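One-letter residues, chain by chain:
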Amino acid sequence: MDLTYSAEEKQFRHEVRTWLESNIPAEPLPSFDASREGFEAHRAWERRLDAGRWGMVTWPQAYGGRALNLIQWLIFEEEYYRSGAPLRVNQNGIFLLGPTLMEYGTAEQKARFLPPMAAGDEIWAQAWSEPQAGSDLAGVAASATRVGDTYVLKGHKIWSSRAAFADWAFGLFRTDPGSQRHKGLSLIFFPLTAKGVRVQPIPQIDGETGFAEIFLDDVEVPAFNRLGGEGDGWSICMATAGFERGLMLRSPARFQVAARKLVELYLAHRDAVEPSVEAAVLQGFMDAEAYALSIYSTASRLAAGGQIGAEASTNKIFWSEMDIALHRTALSILGARGELLRTAPAAGDVGKWLDGYFFSLAGPIYAGSNEIQRNIIAERMLGLPRA
Amino acid sequence: MDFRFTDEQLMMGSVLRDLLADLCQPADLRRLMAAGAPRDERRWSAIVEMGVAGALVAETQGGLGLQPVDFVLGAEACGHACLPEPLVENAGVALPLLAALPSEATQPWLAAGLAGETTIAIQHPVNPFVADADTAGALLLVTDHGLHLVPREAVRLTVQPSVDPFRRLFTTDFDPPDWPPLVGPDEADRLLAAALDRGALFAAAQLLGIAQRCVDLAVAYAKERQQFGKPIGSYQAVKHHLATAQVKIEFARPVVHAAAACLPQGDLFSRARISHAKLAAGEAADLAARTAIQVHGAMGYSWEVDVHFFLKRAIALQTWWGTPALHRGRVARRAYTGALGPDATFPMESSHA
């Protein structure tokens, strides 16, 4: 066990820090979920990252990446969050579809889809859930009917993140009309601008439009847009969900920044808050550290050829509950100012905590609810019998 | 950067774990309890024969010259087995402290300790009692004048029964003029601070082992016990209790292991990480023990089911080698005065990594 950075790792950190310092936007960008303007500002940032080859750092060099190992990826993420760089509008592509395409796509599909994904020219939404297929995702009813070299898509997708402004979506469709449950499903891509697609943004708890409903009414796409074999959709989808729940979507750096700000907030208001708040602040600091250490441990194991297992589920429960606790504690320190919107004249920096608190409430729900994660831990990690 | 144990480190843990799986099952614990003896001599001999007493003592002094990170999995195994004998305190804390004292007076005791012929008990300002004093050959005792090494025969012991039937706690009294301090108060403070780090780290490791054992016991029971025609472990209410306890364990473990690796730094950051490990493992053990009792239902509240042994050890170790308040204070010092943020996961005072 060696918990020190090598000279190369330190040099790499320096390189990332230097690039970010001279490239991050001078002003914070408007939210990519609130307006087209914000979305396009983030697309421009993705293009800038790509131009510096900092967009898809874990991807192979052939697709614009740097083929970083997981420890280097952690260092990159640490520097990225430390610098206050914009959130990644491209994360469905970077962490979900990109790796899945590399694993299951044909050479032609990779050549068609990966470069514009890396460049930010095509930004992706995911279209898995349906009104009747949430936690029970195998209940997917949207259909894809094969007609010659095309599929005709029909159905209703919901809770599609980024769909309000994105260019493309990847979704799960029933290609075998007689099939049940996990069988007969395929993963198919469609442009959100295609004829027959209607996107209906869903206002969120915070008033933004981070997700949307997608209505598909006889949408024709080439059969080329199917990833993997017909009927392989479920297993590919589970592999993608593994990436999502796994290491990469929630890097510890994000929570370490939040914990640092929480400690600073506490120290600035120490004399005004009740004593019990201190324990919550320290818990937030320790939890962010514990999460980082856990990810370093997993990353070291994976780098040595190990496989990710149920820790994808333990991670998800831990970070989502930590995120809520960090923000609740901050609001308790802010007292009566905690309810102010970011736009309130007296808000100053305060409003960010309320935004973050709302966002944190989604954590235990999306990417597989924490109830589902607890079932997975109980059954796959502890070996308890299925219901 | 490589957050993995080496094969040798893993081996150290598994050898001890296998030995205790043979010799330290709950039936063995019950037999010892019925006998009222301080030790199971067969088990203690087997442990002594492993030759790990000198694990953390330098090779030049006759020890194995290992680091805390080499010993941490062994301490975890001792917690998992609820080991009654003082392997962790003796090898993990007392002998390294003895080895750091001037050698003229300590040499015979150190030699006997390394050979497994005797153990050393240790008094520490954070612990109100001395554990395993009655079976020790000598005690390291603290006064305002420094640290004293006193043969057991010269110490008056008053037994202080613990809720944990295997913990042997004592208050002590001796005549300091007969046993002048080996080091003065300043040097004693330095050595005792290092002992606190080792004591807290290895208590944390044992708590981690206890926590996992509690979940293991409850999982085994939940697979067997049937209600409404099905194993109770198939019901979500039971599954979610156990999953929640396991999540606590998963996020205490890397902290304990990182704390072991950074202990030699002896700085603000390593001390805080050890304290974090102690707090996290203590909370994991507390939740896992209570969850195991709940999952066992009424049986969980009985003397017959083994969970209470682990509950009681968890209660004891959560305040041994520093209360949660003491350790939270050390974390606070680090959080309020040290570098924070994503590039400060592995900080140290001696470099600006």
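Quantities reported herein were computed from a predicted structural model and do not represent experimental measurements. (Residues numbered from 1 in each chain as written. Chains lettered and ligands numbered in written order. Predicted model: local features only at pLDDT ≥ 70, side-chain atom pairs only at ≥ 80, totals over all residues. Heavy atoms only, no water.)

## Structural notes on the interface of chain A and chain B
Item 1. Taken residue by residue, the interface counts 55 residues in chain A and 49 residues in chain B.
Item 2. Both faces considered, chain A and chain B share a buried interface measuring about 4700 Å² in area, 71% of it formed by carbon and sulfur atoms.
Item 3. In terms of surface lost to chain B, no three residues of chain A exceed Met1, Leu3 and Leu293 of chain A, which account for 18% of the buried area on that side.
Item 4. Summed over the shared surface of chain A and chain B, the number is four salt bridges.
Item 5. A salt bridge links Arg82 of chain A to Asp343 of chain B; the shortest N-O distance between them is 3.2 Å.
Item 6. Here the side of chain A that touches chain B takes 16 residues from helix 8 (residues 276-303) of chain A, the largest share from any one element. (Contact = heavy atoms within 4.5 Å. Buried area = accessible area lost by both parts, 1.4 Å probe. Salt bridge = Lys/Arg side-chain N within 4 Å of Asp/Glu carboxyl O. Helix = DSSP H or I, 4+ residues; strand = E, 2+ residues; numbered from the N terminus.)

## Considering the environment of Leu267 of chain A
Item 1. Tracing the backbone through its elements, the reader meets Leu267 of chain A in helix 7 (residues 252-269).
Item 2. Residue classification places Leu267 of chain A among the partly exposed positions, given a relative accessible area of 33%. (Buried < 20%, exposed > 50% of the residue type's maximum accessible area, 1.4 Å probe, protein only.)

## Some points on the nonpolar core
Item 1. Counting 197 residues, the largest nonpolar core has Phe189 and Tyr296 of chain A together with Leu20, Leu87 and Leu147 of chain B as the members making the most contacts within it.
Item 2. Per-element accounting of this core gives the leading share, 21 residues, to helix 7 (residues 185-224) of chain B.
Item 3. With residues up to four places along the chain from it excluded, the contact list for Leu87 of chain B reads Leu16, Trp44, Ile47, Val52, Phe71, Cys78 and Gly92 of chain B.
Item 4. Judged by nonpolar contacts, the second largest core, of 27 residues, contains Phe39, Ala164, Phe165 and Ala166 of chain A. (Core = buried A, V, L, I, M, F, W, Y, C linked by side-chain atoms within 4.5 Å.)

## Structural notes on the side chain of Gln256 of chain A
Item 1. Mapped onto the elements, Gln256 of chain A comes out in helix 7.
Item 2. The exposure class assigned to Gln256 of chain A is buried, which follows from its relative accessible area of 5%.
Item 3. Setting aside its immediate chain neighbours within four residues, Gln256 of chain A contacts Ala288 and Ala292 of chain A together with Gly341, Pro342 and Thr345 of chain B.

## Description of the packing of aromatic side chains
Item 1. Inspection of every chain in the model, using the stated rule, returns 33 aromatic pairs over all chains.
Item 2. Measuring from centroid to centroid gives 5.7 Å for Phe39 of chain A and Phe165 of chain A, while their planes differ by 45°, and the two rings are tilted. Placement of Phe39 of chain A in helix 2 (residues 36-51) and of Phe165 of chain A in the loop between strand 3 (150-161) and strand 4 (168-174) is noted, with a sequence separation of 126 residues between them. Summarising the burial analysis for this pair, Phe39 of chain A and Phe165 of chain A share the class buried.
Item 3. Summarising the aromatic geometry, the rings of Phe166 of chain B and Phe309 of chain B are spaced 5.6 Å apart at their centres and angled 50° between planes, so their arrangement reads as tilted. In this pair, Phe166 of chain B sits in the loop between strand 5 (156-159) and strand 6 (169-173) while Phe309 of chain B sits in helix 11 (residues 307-319), placing the two residues 143 residues apart along the sequence.
Item 4. For Phe309 of chain B, a relative accessible area of 0% corresponds to the buried category. (Phe/Tyr/Trp six-rings, centres within 6.5 Å; stacked < 30°, edge-to-face > 60°.)

## Remarks on the domain arrangement of chain A
Residues and elements named next belong to chain A.
Item 1. Assigned domains within chain A: domain 1 (7-89), domain 2 (124-236) and domain 3 (246-381).
Item 2. One C-alpha centre belongs to domain 1, the other to domain 3, and the line joining them spans 21 Å.
Item 3. Contacts between the two partners involve ten residues from domain 1 and, on the opposite side, twelve residues from domain 3.
Item 4. With both chains or domains summed, domain 1 and domain 3 bury close to 1100 Å², and 77% of this area falls on carbon and sulfur atoms.
Item 5. At the boundary of domain 1 with domain 3, the tally comes to zero salt bridges.
Item 6. Our count for the contact surface shared by domain 1 and domain 3 stands at two residue pairs in polar contact (both at pLDDT 80 or more). (Domains from an automatic or database assignment. Polar contact = N/O pair within 3.5 Å; in protein donor to acceptor, adjacent residues only side chain to side chain.)

## Thoughts on the sheet that holds strand 2 (residues 130-131) of chain B
Residue and element names in this part refer to chain B.
Item 1. Read across the sheet, three strands follow the order 2-6-5 without closing on themselves; strand pairing throughout is antiparallel. Two strands in the sheet have a free side with no partner beyond their single neighbour: strand 2 and strand 5.
Item 2. In the sheet, strand 5 pairs with strand 6 via four bridges, with the strands oriented antiparallel. Of the residues in strand 6, the one forming a bridge with Val159 is Phe170. (Pairing = 2+ DSSP bridges.)

## Observations regarding the sheet that holds strand 4 (residues 146-151) of chain B
Residue and element names in this part refer to chain B.
Item 1. One open sheet holds the three strands; their spatial order is 1-3-4, and the pairing between them is mixed. Each edge of the open sheet is held by one strand with a lone partner, namely strand 1 (120-122) and strand 4. When strand polarity is set aside, the average angle formed by the axes of neighbouring strands in this sheet is 25°.
Item 2. In this structure, strand 3 (residues 138-143) lies alongside strand 4, joined through six bridges in antiparallel fashion. Residue pairing in the sheet places Ala138 in a bridge with Pro151 of strand 4.
Item 3. Of the strands in this sheet, strand 1, strand 3 and strand 4 touch helix 5 (residues 87-99), which is tilted by about 90° from strand 1.
Item 4. Together, strand 1, strand 3 and strand 4 form the strand contacts of helix 6 (residues 103-114), whose direction differs from that of strand 4 by roughly 45°. (Axes fitted to C-alpha atoms, helices over the stretch in contact; angles between N-to-C directions.)

## Focus on the pattern of salt bridges
When their charged atoms lie close together, side chains carrying opposite charge are able to pair.
Item 1. Scanning all chains against the criterion turns up 43 salt bridges over all chains.
Item 2. Between Arg17 of chain A and Asp343 of chain B there is a salt bridge; the shortest N-O distance is 3.0 Å. Placement of the pair is Arg17 of chain A in helix 1 (residues 7-23) and Asp343 of chain B in the segment after helix 12 (324-337), with the two residues belonging to separate chains.
Item 3. What makes Asp343 of chain B partly exposed here is its relative accessible area of 23%.
Item 4. Between Asp40 of chain B and Arg43 of chain B there is a salt bridge, with the nearest N and O atoms lying 3.9 Å from each other. Arg43 of chain B carries the same exposure label as Asp40 of chain B, and that label is buried.
Item 5. Residues joined in a network through salt bridges with shared partners are Arg13, Arg17, Glu78, Glu79 and Arg82 of chain A together with Asp343 of chain B.

## Overview of the pairing of strand 4 of chain A
Residue and element names in this part refer to chain A.
Item 1. Within strand 4, seven of the seven residues are buried, which leaves the element mostly enclosed by the surrounding structure.
Item 2. Residues of strand 4 alternate between two faces, with Trp168, Phe170, Leu172 and Arg174 on one and Ala169, Gly171 and Phe173 on the opposite face, all of them buried.
Item 3. Here four bridges tie strand 1 (residues 124-127) to strand 4, and the two strands are oriented parallel to one another. Each bridged residue has a counterpart across the sheet, and for Ala125 the counterpart in strand 4 is Ala169.
Item 4. Note: strand 4 against strand 5 (residues 185-191), seven bridges, orientation antiparallel. Residue pairing for strand 5: Arg174 is matched across the bridge by Leu185.

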